[in-house]
Amino acid sequence: MPDADKPREKCGVVGIISENGSHAPSYLYFALRALQHRGQESAGIAVQGKNIKCIKHLGLVSDVFNTKNLNKLKGKAGIGHVYYSQKLSKPENAQPHVIPTAIGEIALAHNGVIVNTEELKRELRIRGHVFLKGAEEEAMAYILADEIQRSDDILKAIKVLMRKLNGSYCLTLLHNGRVFGIRDPYGIRPLCLGEMKDGFVVASESVALDVLNAKVLRDVECGEVVELTREGVVSRQMVKKSHKAHCFFEYVYFARADSVLEGRNIYEVRQRAGARCAEEHPVDADLVIPIPDSGRSHAYGFSHKMNVPVIEGLMKNRYIGRTFIMPDQKSRDISIREKVNPIPDVIRGKRVVLVDDSIVRGTTITRIVQAVRDAGAKEIHVRIGSPPLIAPCYLGIDMENREQFLANEKTIEEIRAETTADSVGYISVDGVVDAIGIPKEDLCLGCVTDKYPLDIPCEMHRFQKTLPDYEE
Ligand code: SF4
């Protein structure tokens with residue numbers, strides 16, 4: 001279960017084509033389970049038979065699917081989706097969305113956020129479209145349907161769609177038995193391509209390929225469309241930008257530690273970030289303790305660099321499921337101890353470094369500091385593997401306003417005082433960029449720099465507007 005004090009990824013997508021029609025639905029099921037960390041609110045699979053058949057509902061992948069309903073899905077081509085919504089969970093928000101069009105159904109699964117959705121919807125309403133669900137994917141499907149009707153060519157339609165969309169998107173698309181993977185021209189969210197023994201797969205993260213024993217071929221390029229066929233993968237570079245903007249937060253928190261994004265092993269990136277944080281904020285200490293589970297890889301890097309032992313001094317209860325907002329301080333204290341409990345015998349009298357990947361609101365770290373102090377720690381130092389979060393994410397991560405951030409308009413000393421730690425140190429922006437190993441200009445660092453890689457309508461008053469620089 002995700003930590004309520006951590007940002008949440010909005011979605012994970014997968015698309016598969018298999019020579020064997022009975023395998024595709026189960027492949028999609030296992031791939032979605034591997035992507036479960038990217039969305040826990042709903043799950044869905046759409047498979048092409050005579051028509052597209054889609055099963056989706058609120059719940060974890062293993063809640064939504066069982067042998068009986070998976071057996072009802074038959075087809076060699078399909079797409080899948082796991083979803084997290086910032087809004088109230090509603091079954092109609094579950095994806096894939098299947099939209100009927102004059103030339104056959106389109107099933108769409110989307111990871112990301114389109115920042116010009118309202119503008120697109122206005123145009124589409126003028127052209128007579130009615131929005132039944134209100135989802136941005138509905139707008140995408142209508143754009144595709146209109147263009148397919150005009151040109152009878154799905155690829156031309158996808159190109160038109162990509163030129164109209166502004167924002168982050170990794171899409172899997174199913175139409176008349178054809179499966180496409182589409183990545184936005186900045187490559188904000190991840191998408192990779194793999195080869196199975198009996199077909200091909202495109203998915204948000206390589207862990208979904210690993211579980212299928214698929215060979216990871218490569219990342220889908222920024223602005224690229226890949227079509228999975230039984231014979232191979234057909235690639236088209238549809239749109240290009242002058243730079244990329246991979247989300248740095250995928251590397252420090254969202255992606256699974258065993259994933260590989262853009263050739264970087266996530267576990268190693270986090271270890272490097274922990275080591276860099278130790279270089280930037282050294283401290284005399286007896287023990288390094290990871291905040292479970294998110295701070296573990298960073299803590300190992302920190303410990304190694306400082307030559308201070310790392311121990312699991314905080315135990316996490318993995319079985320309590322979703323927790324509720326507690327009405328009073330006493331209940332909140334019980335709630336955090338129920339989730340993460342210190343081991344006093346290893347902590348007592350020690351100078352402790354608590355390491356985590358990020359701090360959003362700061363409620364969890366503050367309560368953990370208190371619990372560790374109650375367990376007898378002599379000193380408590382907090383070290384964080386990402387720079388202070390200060391600005392919202394408009395591109396697919398659940399961080400909506402500045403006020404929610406602990407670091408919002410605060411000095412490090414004010415943050416230290418609020419957490420009650422003896423010291424607090426965050427890795428620098430340059431430090432995390434070095435740890436990731438991708439040039440700064442090819443990363444999105446919007447939530448830590450307050451500068452976004454593309455025009456965000458509600459931020460436009462803050463920055464000078466620039467026009468999109470698409471190239472053919
Ligand atoms: S603003 Fe932050 S979380 Fe959002 S895409 Fe950019 S780096 Fe990722």
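Everything numeric here is computed off the predicted structure, so don't read it as measured data.

> Would you mind showing me how to read the site of the ligand here?
With respect to spatial proximity, the complete set of residues near the ligand consists of Ile188, Arg189, Cys247, Phe248, Phe249, Cys393, Leu395, Ile397, Met399, Cys444, Gly446 and Cys447. Mapped by element, the contributors of at least two residues to the shell around the ligand are α8 (248-254) and α16 (446-449). Counted by class, the shell around the ligand contains ten nonpolar, one polar and one charged residues.

> Which parts of the structure should I look at to understand the domain arrangement of the protein chain?
Size of an interface: often given as the accessible area lost when the parts come together. When the domains of the protein chain are assigned, the result is domain 1 (11-245) and domain 2 (266-437). For domain 1 versus domain 2, the distance between C-alpha centres works out to 35 Å. Each partner contributes to the interface: domain 1 provides nine residues, whereas domain 2 provides seven residues. For the pair domain 1 and domain 2, the summed buried area comes to about 640 Å², and 50% of that belongs to carbon and sulfur atoms. On inspection of domain 1 and its partner domain 2, the count reaches zero salt bridges. By residue class, the composition of the side of domain 1 that touches domain 2 is four nonpolar, four polar and one charged.

> For this particular structure, what's the right way to read the packing of aromatic side chains?
For any pair of aromatic rings, the description rests on two quantities: the centre-to-centre distance and the angle between the ring planes. Tallied over the full model, the rule gives eight aromatic pairs. Ring geometry for phenylalanine 131 and tyrosine 142: centres 5.4 Å apart, planes at 75°, overall edge-to-face. One end of the pair, phenylalanine 131, is in the loop between α4 (117-126) and α5 (136-151); the other, tyrosine 142, is in helix α5, with eleven residues separating them in the sequence. With relative accessibility at 15%, the residue phenylalanine 131 sits in the buried group. Take tyrosine 142: its relative accessible area is 12%, and that puts it in the buried class. Summarising the aromatic geometry, the rings of tyrosine 394 and tyrosine 452 are spaced 5.4 Å apart at their centres and angled 65° between planes, so their arrangement reads as edge-to-face. In this pair, tyrosine 394 is assigned in the loop between β21 (379-384) and α14 (412-419) and tyrosine 452 in the segment after α16, connecting sequence segments 58 residues apart. Lying over the aromatic face of phenylalanine 131, lysine 121 brings its terminal NZ or CZ to 5.5 Å of the ring centre.

> Any chance you could explain the pairing of strand β3 (residues 52-58) here in plain terms?
One face of the sheet, then the other: side chains in a regular strand alternate in exactly this way. Summarising the sheet, strand β2 (residues 42-48) and β3 pair through seven bridges and their orientation is antiparallel. The residue bridging alanine 43 from the neighbouring strand is histidine 57, located in β3. Hairpin connection of β2 to β3: three residues between the antiparallel strands.

> Help me out: how do you make sense of the pattern of salt bridges in this one?
A side chain of one charge can pair with a side chain of the opposite charge if their charged atoms are brought near each other. Here the structure, examined in full by the defined rule, presents 24 salt bridges. Across the salt bridge formed by glutamate 280 and arginine 276, the nearest N and O atoms sit 2.9 Å from each other. Separated by four residues within a single helix, glutamate 280 and arginine 276 lie in helix α9 (residues 266-280), roughly one turn from each other. A relative accessible area of 25% means that glutamate 280 is categorised as partly exposed. Here lysine 305 makes a salt bridge to glutamate 279, at a shortest N to O gap of 3.3 Å. You can see lysine 305 sitting in helix α10 (residues 296-306) and its partner glutamate 279 sitting in helix α9, a full 26 residues away along the chain. In this structure lysine 305 comes out as partly exposed when scored by relative accessible area, which is 43%. Each member of the salt-bridge network shares a partner with another, and the members are Arg38, Arg189, Glu205 and Glu250.

> Any chance you could explain the sheet that holds β2 here in plain terms?
Pairing between sheet strands relies on hydrogen bonds along the backbone, with the strands arranged either parallel or antiparallel. Spatial ordering of the open sheet is given by β3-β2-β4-β1-β10-β9-β11, a layout of seven strands whose pairing is antiparallel. For this open sheet the edge positions go to β3 and β11 (215-219), each flanked by a neighbour on one side alone. Each strand axis lies, on average, 15° off the axis of its neighbour in the sheet, ignoring direction. Alignment of strand β9 (residues 192-196) against strand β10 (residues 199-203), held across five bridges, turns out to be antiparallel. Each residue of the ladder has a partner; that of glutamate 195, found in β10, is phenylalanine 200.

> Honestly, unusual backbone geometry in this entry has me stumped. Any pointers?
Keep in mind that most residues, glycine aside, have a negative phi and that most peptide bonds are trans. For the bond running from glutamine 95 to proline 96, omega is 5°, close enough to zero to count as cis. Along the chain, proline 96 falls in the loop between β4 (77-83) and β5 (97-99). A cis amide bond, omega -10°, links proline 292 with the succeeding residue aspartate 293. Positionally, aspartate 293 belongs in the loop between β17 (287-290) and α10. Notably, asparagine 176 is not glycine yet its phi reads approximately 50°, a positive angle. Looking at the secondary structure, you find asparagine 176 in the loop between β7 (167-175) and β8 (178-183). Of note in the backbone geometry, glutamate 409 takes a positive phi value of approximately 50° without being a glycine. Mapped onto the secondary structure, glutamate 409 falls in the loop between β21 and α14. Owing to a relative accessible area of 74%, glutamate 409 belongs among the exposed residues under this scheme.

About the thresholds
Residues numbered from 1 in each chain as written. Predicted model: local features only at pLDDT ≥ 70, side-chain atom pairs only at ≥ 80, totals over all residues. Heavy atoms only, no water. Near = heavy atom within 4 Å. Helix = DSSP H or I, 4+ residues; strand = E, 2+ residues; numbered from the N terminus. Nonpolar A, V, L, I, M, F, W, Y, C, P; charged D, E, K, R; others polar. Domains from an automatic or database assignment. Contact = heavy atoms within 4.5 Å. Buried area = accessible area lost by both parts, 1.4 Å probe. Salt bridge = Lys/Arg side-chain N within 4 Å of Asp/Glu carboxyl O. Phe/Tyr/Trp six-rings, centres within 6.5 Å; stacked < 30°, edge-to-face > 60°. Buried < 20%, exposed > 50% of the residue type's maximum accessible area, 1.4 Å probe, protein only. Lys NZ or Arg CZ within 6 Å of the ring centre and 35° of its normal. Pairing = 2+ DSSP bridges. Axes fitted to C-alpha atoms, helices over the stretch in contact; angles between N-to-C directions.

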